[in-house]
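The chain contents come next:
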Amino acid sequence: MNKFEQLGLNESLLKAILDLGFENPSEVQEKAIPLLLEKDTDMVALAQTGTGKTAAFGFPLIQKIDADNRNTQALVLSPTRELCLQITNELKNYSKYEKGINVVAVYGGASITEQAREVKRGAQIIVATPGRMQDMINRGLVNIKNIDYCVLDEADEMLNMGFYDDIVSILSDTPDEKSTWLFSATMPQEVARIAKQFMSAPLEITVGTKNSGSSTVSHEFYLVNARDRYEALKRLADANPDIFSVVFCRTKRDTQAIAEKLIEDGYSAAALHGDLSQAQRDGVMKSFRGRQIQMLVATDVAARGIDVDNVTHVVNYQLPDEIETYNHRSGRTGRAGKLGTSIVIVTKSELRKISSIERIIKQKFQEKSIPSGIEICEIQLLHLANKIKDTEVDHEIDNYLPAINNVLEDLSKEELIKKMVSVEFNRFITYYKKNRDISTQSAGDRRERGDSEGREFNNNGAVRYFVNIGSRDNFDWMSLKDYLKETLDLGRDDVFKVDVKEGFSFFNTDPQHTDKVMDILNNVQLEGRRINVEISKNDGGGRRDHNNRGGRRDSSRRDGNFAPRREGGFRSDRNSGSKEGGFRGDRNSSSRREGGFRNSSSRNEGGSERSSRRSENFGDSPRPRRSRRD
Ligand code: ADP
Ligand code: MG
């Protein structure tokens, strides 16, 4: 019997769960589902984001609904449109083998009459945002007077967003006998107040420690000068070629401006904020889910509850005004047991906020320095090499090979490799050679890194290594550090500056350990794979040569599935002609203006965005493939 069966779920749900690919219930599901199935009760369930709360209430809800009765039996309130749509979608998935269950989403920004029509056709479950729900009630378009279940999902978020009055008013329109299930990541006072006011003897479930962030998320901060914020963002993106991230800004204007700027600089980015139309937001989310966008620049409100799996990084471009919000931001990554990183770009004057956040999330931040030009080039180069290796060949290309061979036949394999890599890479190295280092010191402890002039590092004599294991092998910096210390039999502080990327990592030791590192590590296997370690920087060993490493940041550095779709799909038809190998900088700037959302339907955005960009000071922001501004 699988674990879901033990919880008491019926056949049709179990079948749907099989389709979803859930193997075992998460903790909150394991705790909540049997209780909710067993009897009609009120419940308060506290669990961090990403712990599977939707299914924790969704499964029992579907099982309890009477599919033969077309009346509205359940109301799920959720803070945002995006979340509302997500939950609706999930519930539909859960109930796909259960005939006759209708789930309808009710949210602002879309036609209220259409939604009312759907409700009227018979919706046993309504998933709604509080504002629109209130509206529907006021206009007599819904009847929730006889519902049996009311779910308050992400209750803390809803209250955070000022929906207290709406919630109170909506709840008073529901019968007293119903069961109320409140799900929340945190338990601030307002949530407790709602619980007290509207629930009777609720069962309480807590998963993990209250208010703590998800432990699958590691937290890092990068100290920079205020004027380097944007440059830092770019470098972080460059240093993480496979980044798939939500970048948080404080205001709609900044959100729009940063997204525009990123797009202009050749990144696959888009803005998500409340000034976009619903259709635009849906378009952005669709592209993000489809991974045509690597960097979704969003306001807190717009990004609430976004549930996209495999987000690798949350970037706090600016810290939120309310530090509690940090938890919700970082919860966008590290979901479903995956590892994620939450990055904060911070200036000296904001440093104290880091300690306040540490207290809230009960986790320590790791202070890191913005990767220098050389390091980025190295990462990009290796990424490119890996990409070439992993690329699947489409045999269409066979037809062209004779002609291509003709052109290239005089090159040796070595020359060919050098040239191929340089095609993609020269611009990168050129760019980073020109640009200064933007790393800043805080406590002066861990930041020996120097360079950005395209010269050597000086890691205080330390040796930097490249090793072919990374987060793909389930390492994060801490576990890799432990692994290295153990394998190499080194002391606590002998391995430092461990930086884990997806398929590879960097770390430092003092030179006296180099022989040991090279000897031992190159002879161990990790799950059957040979570990390969090389000296990465020219600090102690002098084995590097960057001359052949061309540089260029562009789409081709991304995974194959980003590059082709980005051009045609999301980013409007206008640019499809300018593809040529994914090089994106040479598009003329007028076609890039609209910034974040570039669908053909994004008609009205131009003017305001342009002006907002003008007023934003991005400082010195040279781009790899355009002439520098300064
Ligand atoms: P929360 O509401 O607690 O933030 P979600 O309900 O949005 O979390 O779930 C987060 C992610 O985990 C979703 O992608 C969901 O599909 C996935 N998930 C939920 N339950 C399970 C499970 N039992 N096994 C595997 N994945 C799950
Ligand atoms: Mg949720």
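Reading the values: the criteria
- Residues numbered from 1 in each chain as written.
- Chains lettered and ligands numbered in written order.
- Predicted model: local features only at pLDDT ≥ 70, side-chain atom pairs only at ≥ 80, totals over all residues.
- Heavy atoms only, no water.
- Helix = DSSP H or I, 4+ residues; strand = E, 2+ residues; numbered from the N terminus.
- Buried < 20%, exposed > 50% of the residue type's maximum accessible area, 1.4 Å probe, protein only.
- Contact = heavy atoms within 4.5 Å.
- Areas by Shrake-Rupley, 256 points an atom, 1.4 Å probe, with all protein chains shown as cover.
- Near = heavy atom within 4 Å.
- Polar contact = N/O pair within 3.5 Å; in protein donor to acceptor, adjacent residues only side chain to side chain.
- Nonpolar A, V, L, I, M, F, W, Y, C, P; charged D, E, K, R; others polar.
- pLDDT = per-residue confidence, 0-100.
- Core = buried A, V, L, I, M, F, W, Y, C linked by side-chain atoms within 4.5 Å.
- Salt bridge = Lys/Arg side-chain N within 4 Å of Asp/Glu carboxyl O.
- Right-handed = clockwise from strand over helix to strand, strands pointing away.
- Pairing = 2+ DSSP bridges.
- Axes fitted to C-alpha atoms, helices over the stretch in contact; angles between N-to-C directions.
- Parallel < 35°, antiparallel > 145°, perpendicular 65-115°, else oblique.
- Left-handed = near helix turned anticlockwise from the far one by under 90°.
- Phe/Tyr/Trp six-rings, centres within 6.5 Å; stacked < 30°, edge-to-face > 60°.
- Patch = residues over 30% accessible without salt bridge, like charges linked within 9 Å, V, L, I, M, F, W, Y side chains within 5 Å.

Draft legend 1. Quick look at the overall build of the protein chain. Within the protein chain, the regular secondary structure consists of 23 helices and 20 strands. Counting all 630 residues of the protein chain, 58% fall into the buried class. A separation threshold of at least 6 residues defines the contact pool for the protein chain, and within that pool the share at least 24 residues apart is 76%. Here the protein chain displays about 26,800 Å² of accessible surface, and carbon together with sulfur accounts for 46% of that area.

Draft legend 2. How the structure looks around the site of ligand 1. Taken together, 18 residues lie near ligand 1, and Asn24, Gln29, Gly50, Thr54 and Asp309 sit nearest. A distance of 2.8 Å separates a nitrogen atom of ligand 1 from a polar atom in the backbone of Asn24. A distance of 2.8 Å separates a nitrogen atom of ligand 1 from a polar atom in the side chain of Gln29. Protein chains shield 86% of the accessible area of ligand 1, which is 570 Å² for the free molecule. The residue makeup of the shell around ligand 1, split by class, is 4 nonpolar, 9 polar and 5 charged.

Draft legend 3. A look at unusual backbone geometry. For Asn474, which is not a glycine, the phi torsion comes out positive at approximately 65°. Within the element layout of this structure, Asn474 appears in the loop between β15 (463-467) and α20 (477-488). The exposure class assigned to Asn474 is exposed, which follows from its relative accessible area of 62%. Its identity is not glycine, yet Asp489 carries a phi of approximately 55°, on the positive side.

Draft legend 4. Summary view of the confidence of the model for the protein chain. Overall, the predicted model of the protein chain reaches an average pLDDT of 78, with 79% of residues at or above 70. Note on residues 443-458: pLDDT is under 50 here. Beyond four places in sequence and across chains, it has 56 contacts. Low pLDDT (under 50) marks residues 538-630, which in the prediction has 226 contacts with non-local residues, meaning those over four places away or in another chain.

Draft legend 5. Region of the structure containing the nonpolar core. By size, the foremost hydrophobic cluster in this structure holds 41 residues, and its most contacted members are Leu9, Phe59, Ile125 and Trp181. For this core, the leading source of residues is helix α4 (residues 53-64), giving 6 residues. Residues Val44, Leu159, Leu182 and Val191 belong to the second largest nonpolar core, which totals 33 residues.

Draft legend 6. Quick peek at the pattern of salt bridges. According to the stated counting rule, one finds 22 salt bridges in the structure shown. Where Asp40 meets Lys64, a salt bridge forms, and the shortest distance between an N and an O atom there is 2.7 Å. Here Asp40, found in the loop between α3 (27-38) and β1 (43-46), pairs with Lys64, found in helix α4; they are 24 residues apart in sequence, far enough to count as distant. Note that Glu82 and Arg281 form a salt bridge whose closest N and O atoms lie 2.9 Å from each other. Taken together, the positions of Glu82 in helix α5 (residues 81-94) and Arg281 in helix α13 (residues 278-289) put the pair 199 residues apart, joining distant regions of the chain.

Draft legend 7. Inspection of the side chain of Glu82 at higher detail. Owing to a relative accessible area of 6%, Glu82 belongs among the buried residues under this scheme. In contact with Glu82, other than residues within four places in its own chain, are Arg281, Met285 and Ala302.

Draft legend 8. Main features of the pairing of strand β10 (residues 269-272). Every second residue of β10 is oriented toward a common face, with Ala269 and Ala271 on one face and Ala270 and Leu272 on the other, all of them buried. Once you follow β10 into α13 and on to strand β11 (residues 295-298), the crossover reads as right-handed.

Draft legend 9. Structural detail: the pairing of strand β12 (residues 313-316). Here β12 shows two buried faces, one formed by His313 and Val315 and the other by Val314 and Asn316. Sheet analysis places strand β9 (residues 245-248) next to β12, joined by 4 bridges and oriented parallel. Counted as the bridge partner of Phe248 is Asn316 from β12. Where β12 meets strand β13 (residues 340-346), 4 bridges bridge the pair, whose relative direction is parallel. The residue bridging Val314 from the neighbouring strand is Ser342, located in β13.

Draft legend 10. Region of interest: the packing of helix α9 (residues 164-171) against helix α10 (residues 189-198). Viewed as axis vectors pointing N to C, α9 and α10 meet at an angle of 15°, and their least axial separation amounts to 12 Å. Looking at the two axes, α9 sits roughly parallel to α10. The two elements α9 and α10 cross, and the hand of that crossing is right-handed. Only Arg193, Ile194, Gln197 and Phe198 of α10 make contact with α9, whose side of the interface consists of Tyr164, Ile167, Val168 and Leu171.

Draft legend 11. Region of the structure containing the sheet that holds β15. Read from one edge of the open sheet, 4 strands run β16-β17-β15-β20, paired in antiparallel fashion. The two strands at the open ends of the sheet, each matched to only one other strand, are β16 (496-500) and β20 (533-535). Going from strand to strand, the sheet's axes swing by 25° on average, the running direction of each strand aside. Taken together, the 3 bridges between β16 and strand β17 (residues 505-509) define a ladder with antiparallel strand orientation. Residue pairing for β17: Asp499 is matched across the bridge by Phe506. Across the sheet, helix α21 (residues 514-521) lies against β15, β17 and β20, angled at about 150° from β20, the strand it touches most.

Draft legend 12. Examining the packing of aromatic side chains more closely. Taken as a whole and judged by the stated rule, the model has 12 aromatic pairs. Ring centres of Phe59 and Tyr94 lie 4.6 Å apart, and the angle between their planes is 70°; on these two criteria the pair is classed as edge-to-face. Placement of the pair is Phe59 in helix α4 and Tyr94 in helix α5, with a sequence separation of 35 residues. A single burial state applies to Phe59 and to Tyr94, both of which are buried. Their ring planes at 50° and their centres at 5.7 Å tell us that Tyr326 and Phe365 sit as a pair that is tilted. Here the residue Tyr326 occupies a position in helix α15 (residues 325-330), and Phe365 occupies one in strand β14 (residues 365-368), the gap between them amounting to 39 residues. Take Phe365: its relative accessible area is 8%, and that puts it in the buried class.

Draft legend 13. Representation of a nonpolar patch on the surface within the structure. A surface patch of nonpolar side chains, amounting to about 620 Å² of accessible area, comprises Val393, Ile397, Tyr400, Leu401, Ile404, Val407 and Leu408. By the secondary structure assignment, Leu401 is in helix α18 (residues 401-408). By relative accessible area, Leu401 is classed as partly exposed at 31%.

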